[in-house]
Amino acid sequence: MLDIKKIRVDFPILKQQINGKPLVYLDNAATSQKPQVVIDSIVNYYTTINANIHRGVHTLSQKATDAFEQAREKLQKHFNAKKSYEIIFTAGTTHSINIVATGFTSLLQKGDELIVSAMEHHSNIVPWQMLCERTGAVLKIIPMNSAGELLMNEYGKLLSKKTKLVFVNHVSNALGTINPIKEIIDKAHQVGAAVLIDGAQSCPHIKSDVQALDVDFYVASAHKLCGPTGVGILYGKEAWLNKLPPYQGGGEMIKEVTFEKTTYADLPHKFEAGTPNIAGVIAFGTAIDYLNNLGFDNIATYENELLQYATKKLLQIEGLKIYGTSKHKTSVISFNIDKIHPYDIGTIIDKLGVEVRTGHHCAQPIMDFYKIPGTVRASFSFYNTFEEVDVLYNALIRAKTMLS
Ligand code: 7TS
């Protein structure tokens, strides 16, 4: 249903050669490429309406403010938030998680319990460990099986009245597993715990409805979604965002400031101190429009076809082992070939124009679980082709021959 040839024309970077070979970009889980409309959106902002927002009475400031707030409405609609002010613009997923983790400092007591999964990016581990250090709360871990699936029975056993917060990624960046987040959320709510879902890896593939999920916090980065770097969202239910203290103090997040006492602005401004990435936010809105025009169902269907084809093809390589074999997964293939170090494979296939990520993918506990130093990770987007899968396959055969 998607016309991939036509879509690829939208992405100027894909025309490039790398090391004298056509670029085969398979590091989409690290960051996505940007269509021309998103690039144009940034250029147009700076060439036509650049001004600071929410402060000037002048026309340019009004135009910039309108474009910025329109982007918030696009994000509200996309994630189906009840109110536009439940969408907070941040610098990205990492920033969003830190806002919530810091905010919970005053809401926790020694002995409270927090639950995380065994397959998280460091961004969804470290801020919570820092929170535990500040408060004396204890971190519990949902284990996984060798296919890279969470053990939901074990999760059930971890939940109790002591559980205050559960934070899990919707999709694992290193394995591609799609976690059963609705069940995770519902079970947490039964014991009165709040839930944060890290949507950094799900947002390019799955359109999430925060009201249907009944999730308390949902976080994502624009750059994974064909948008610019340095921008993201923190969705929070209104009641939670009102309960959390602000993360940073500064301009635009106040109602009134005196040297005796400062009162904070209403949502969303309470969490948006300082001049934000205005061009980035507006371009984020453009990226959301672009993807919705393609249709998330179409994207998921095509990417799943690519995943099935690539999985079958790569498994033809003797000694290749895939990590993350859940039936429910996005278009990510993490693998090793025999005992060859992932960096060596990555370096050789880069010479052939194939860009993949190698290493622990900021998810060291997953690598420890499998007792490996890292993997090679090929992550596919809707603008990748079946021919590119063949190029990857041939490059891997070449690398294997050279390194064995
Ligand atoms: N959570 C998950 C699940 C991620 O995959 C990432 C980034 C983050 C959080 C952090 O997002 P950021 O935008 O704040 O950096 N993941 C990756 C990756 O897999 N390769 O490079 C970045």
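Note that this is a predicted model, so its numbers are computed, not measured.

Some points on the pattern of salt bridges
At step 1: All told, the structure shown has 14 salt bridges when counted by the stated rule.
At step 2: For Asp289, the salt bridge goes to Lys74, with nearest N and O atoms at 2.8 Å. A residue pair is termed long-range when its members are at least 10 positions apart, and Asp289 in helix 10 (residues 278–294) and Lys74 in helix 3 (residues 59–79) qualify at 215 residues.
At step 3: Note on Asp289: relative accessible area 32%, which makes it partly exposed.
At step 4: Exposure remark for Lys74: the relative accessible area of 28% places this residue in the partly exposed category.
At step 5: One connected set of salt bridges, linked through shared partners, spans Glu69, Arg72 and Glu272.

Section: the nonpolar core
At step 1: Counting residues in each nonpolar core, the largest one holds 105 residues, and the members touching the most others are Val166, Phe382, Leu392 and Leu396.
At step 2: With eleven residues, helix 10 is the single largest residue contributor to this core.
At step 3: In terms of domain composition, this core takes at least three residues from each of domain 1 (4–28 + 295–403) and domain 2 (39–292).
At step 4: Residues in contact with Leu392, not counting those within four places in the same chain, are Leu26, Leu314, Ile349, Val354, Val356, Ala378 and Phe380.

Observations regarding the site of the ligand
At step 1: Close to the ligand lie 15 residues; Thr94, Asp198, Ser221, Arg357 and Arg377 are nearest.
At step 2: His121 is positioned with one of its side-chain polar atoms (N or O) 3.4 Å from a nitrogen atom of the ligand.
At step 3: At a separation of 2.7 Å, an oxygen atom of the ligand approaches a polar side-chain atom of His223.
At step 4: Relative to its free-state accessible area of 490 Å², the ligand is covered by the protein chains to the extent of 87%.

What about the domain arrangement of the protein?
At step 1: Domain parsing of the protein yields domain 1 (4–28 + 295–403) and domain 2 (39–292).
At step 2: In this structure, domain 1 and domain 2 have C-alpha centres spaced 28 Å apart.
At step 3: In this assembly, 33 residues from domain 1 lie in contact with 32 residues from domain 2.
At step 4: Interface area lost by domain 1 to domain 2 is led by Phe296, Thr330 and Ile366, which between them contribute 28%.
At step 5: There are zero salt bridges connecting domain 1 and domain 2.
At step 6: In this assembly, domain 1 and domain 2 are joined by 16 residue pairs in polar contact (both at pLDDT 80 or more).
At step 7: Elements with a contribution of two residues or more to the side of domain 1 that touches domain 2: helix 11 (296–314), strand 14 (332–337) and helix 13 (364–370).
At step 8: Ranked by residues supplied to the side of domain 1 that touches domain 2, first place goes to helix 13 with six residues.
At step 9: Classifying every residue of the side of domain 1 that touches domain 2 gives 17 nonpolar, eleven polar and five charged.

As for the sheet that holds strand 7 (residues 163–169)
At step 1: Spatially, seven strands are ordered 4-10-9-8-7-5-6 in an open sheet, and the strand pairing comes out mixed. This sheet does not close on itself; its edge strands, each paired only once, are strand 4 (87–90) and strand 6 (138–142). Taking the axes of each pair of neighbouring strands and ignoring which way they run, one obtains an average angle of 20° across the sheet.
At step 2: Looking at chain direction, strand 4 and strand 10 (residues 232–236) are connected through four bridges and run antiparallel. Bridging from a neighbouring strand, Ile88 pairs with Leu234 of strand 10.
At step 3: Seen against the sheet, helix 4 (residues 93–103) touches strand 4, strand 8 (194–198), strand 9 (217–221) and strand 10 and runs at an angle of roughly 155° to strand 9.

Considering the sheet that holds strand 17 (residues 375–379)
At step 1: With antiparallel pairing, four strands are arranged side by side in an open sheet as 13-14-17-16. Both edges of this open sheet fall to strand 13 (320–323) and strand 16 (357–359), since each of them pairs with a single strand only. Each neighbouring strand pair of the sheet contributes to a mean axis angle of 30°, computed without reference to strand direction.
At step 2: Summarising the sheet, strand 14 and strand 17 pair through four bridges and their orientation is antiparallel. In the strand pairing of strand 17, Ile333 is matched with Ala378.
At step 3: Lying on the sheet, helix 11 is in contact with strand 13 and strand 14; it crosses strand 14 at an angle near 10°.
At step 4: The sheet contacts of helix 12 (residues 342–351) involve strand 14, strand 16 and strand 17, and relative to strand 16 the element is tilted by about 155°.

A closer look at the pairing of strand 9
At step 1: Counted residue by residue, strand 9 has five buried out of five residues, so it is predominantly covered.
At step 2: Of the two faces of strand 9, the one holding Phe217, Val219 and Ser221 and the one holding Tyr218 and Ala220 are both buried throughout.
At step 3: The pairing of strand 8 with strand 9 spans three bridges and is parallel. Across the sheet, Ile197 pairs through a bridge with Tyr218, a residue of strand 9.
At step 4: As defined by bridge partners, strand 9 adjoins strand 10 across five bridges and the pair is classed as antiparallel. What sits directly across from Tyr218, in strand 10, is Tyr235.

A short note on unusual backbone geometry
At step 1: Following Leu267, the chain continues into Pro268 via a peptide bond in cis, with omega recorded as 0°.
At step 2: Locating Pro268 in the fold gives a position in the loop between strand 12 (262–264) and helix 10.
At step 3: A positive phi is found at Glu252, a non-glycine position, where the angle reads about 75°.
At step 4: You can see Glu252 is positioned in the loop between helix 9 (238–243) and strand 11 (254–257).
At step 5: Positioned with a positive phi, Lys371 is a non-glycine residue whose angle comes to about 55°.

The rules behind the values
- Residues numbered from 1 in each chain as written.
- Predicted model: local features only at pLDDT ≥ 70, side-chain atom pairs only at ≥ 80, totals over all residues.
- Heavy atoms only, no water.
- Salt bridge = Lys/Arg side-chain N within 4 Å of Asp/Glu carboxyl O.
- Helix = DSSP H or I, 4+ residues; strand = E, 2+ residues; numbered from the N terminus.
- Buried < 20%, exposed > 50% of the residue type's maximum accessible area, 1.4 Å probe, protein only.
- Core = buried A, V, L, I, M, F, W, Y, C linked by side-chain atoms within 4.5 Å.
- Domains from an automatic or database assignment.
- Contact = heavy atoms within 4.5 Å.
- Near = heavy atom within 4 Å.
- Polar contact = N/O pair within 3.5 Å; in protein donor to acceptor, adjacent residues only side chain to side chain.
- Areas by Shrake-Rupley, 256 points an atom, 1.4 Å probe, with all protein chains shown as cover.
- Buried area = accessible area lost by both parts, 1.4 Å probe.
- Nonpolar A, V, L, I, M, F, W, Y, C, P; charged D, E, K, R; others polar.
- Pairing = 2+ DSSP bridges.
- Axes fitted to C-alpha atoms, helices over the stretch in contact; angles between N-to-C directions.

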